[in-house]
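# Per-entry structural report
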Amino acid sequence: LLVNFTDYLDTGLFLDHRPTRARIGELAKGKRFLNLFAYTCTASVFAAAGGAVATTSVDLSRTYLDWARRNFELNGFRDSSRHRLLQEDVLEWLEAPVRERYDVVFLDPPTLSRSKRMEGELDVQRDHVKLIWSTLRRLAPGGLLIFSTNFRKFRLDAAALAELDVKDVTSATIPKDFARDQKIHQCFEIRVRSAAAQANDPA
């Protein structure tokens, strides 16, 4: 994976997500994978390497998607029809008509982000319930949503997601070198219990 340690803050690689990327690689075999707020698509590359039949990565930044394309190519994945990179506002893209569903979805939003779809800006604490339900519209039956956030004060609204099967997997996704900093991220595996729950999209 291409990393940048000299020019600016974005290195291209989130070190605390190593176990999560490995998990995605295992889960993605034979599956359709969706990566939202994809950054440089390191998770998508792991999905492709794990045997995903197709990956779709969505991010608004052309810089990050160019970086992502190079990451794919370095790993031998040059078929853009199988590994799509979409320069889109994730929130707008989620609200568009659903034409394709995915078996594994990785949702790792920024803590704060400006978007034309939101009043002011995306706030992961305030908006995570709507964001999760919107993402579930893209999930295939029996699929898995992996939701992660680096907001250190984040508290999942369990009541608003009570119809879903939500498993806190944070402890299993913290690498040993981050063990002293357990707040580096939180991670949840979310599944829809029934078709009725998936239809209950507040949007």
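The rules behind each value
- Residues numbered from 1 in each chain as written.
- Predicted model: local features only at pLDDT ≥ 70, side-chain atom pairs only at ≥ 80, totals over all residues.
- Heavy atoms only, no water.
- Helix = DSSP H or I, 4+ residues; strand = E, 2+ residues; numbered from the N terminus.
- Polar contact = N/O pair within 3.5 Å; in protein donor to acceptor, adjacent residues only side chain to side chain.
- Contact = heavy atoms within 4.5 Å.
- Salt bridge = Lys/Arg side-chain N within 4 Å of Asp/Glu carboxyl O.
- Buried < 20%, exposed > 50% of the residue type's maximum accessible area, 1.4 Å probe, protein only.
- Core = buried A, V, L, I, M, F, W, Y, C linked by side-chain atoms within 4.5 Å.
- Phe/Tyr/Trp six-rings, centres within 6.5 Å; stacked < 30°, edge-to-face > 60°.
- Lys NZ or Arg CZ within 6 Å of the ring centre and 35° of its normal.

### A look at the side chain of T173
Among the structural elements, T173 can be located in helix α6 (residues 170-173). Looking at T173, its side chain comes within polar contact range of the side chain of H185, at 2.8 Å. Apart from the residues within four sequence positions on either side, T173 is in contact with D16, P19, T20, H185 and C187.

### Topic: the pattern of salt bridges
Applying the stated criterion to the full structure yields ten salt bridges. Residues D66 and R62 are paired through a salt bridge, measuring 3.6 Å at the closest nitrogen-oxygen approach. In this pair, D66 and R62 are both assigned in helix α3 (residues 62-74), four residues apart and thus about one turn of the helix distant. Classification of D66 by relative accessible area gives partly exposed; the value is 30%. The partly exposed category is assigned to R62, whose relative accessible area is 40%. Of the charged contacts, one joins E189 and R191 as a salt bridge, the two residues approaching to 3.9 Å between their closest N and O atoms.

### Observations concerning the nonpolar core
Of all hydrophobic cores here, the largest spans 27 residues; its most connected members are L36, F37, W93, L107, I132 and F147. Listed by contribution, the elements that provide at least two residues to this core are β1 (32-36), α4 (90-95), β4 (102-107), α5 (124-136), β7 (139-149) and β9 (186-192). Broken down by element, this core gets its largest block of residues, six residues, from α5. Beyond its immediate chain neighbours, meaning those up to four positions away, W93 contacts L34, L36, V58, L86, E88, Y102 and R138. In terms of nonpolar packing, the next biggest core, distinct from the first, is built from 13 residues, I24, A43, A47 and V169 among them.

### Thoughts on the packing of aromatic side chains
Counted by the stated rule, this structure contains six aromatic pairs. Where F14 meets Y39, the ring centres are 4.5 Å apart and the plane angle is 20°; that geometry is what we call stacked. Taken as a pair, F14 in the segment before α1 (18-27) and Y39 in the loop between β1 and α2 (42-49) lie far apart in primary sequence, 25 residues in all. A centroid spacing of 6.5 Å and a plane angle of 80° characterise the contact between F72 and F77, whose relative ring orientation is edge-to-face. Pairwise contacts between aromatic rings join F14, Y39 and Y64 into one cluster. Its guanidinium or amino end placed over the ring of F46, R21 lies 5.8 Å from that ring's centre, counting from NZ or CZ. The cationic tip of R138 hangs over the ring face of W93; the distance from NZ or CZ to the ring centre is 4.1 Å.

It is worth stressing that arrangement in space is one thing and function is another; only the former is reported here.
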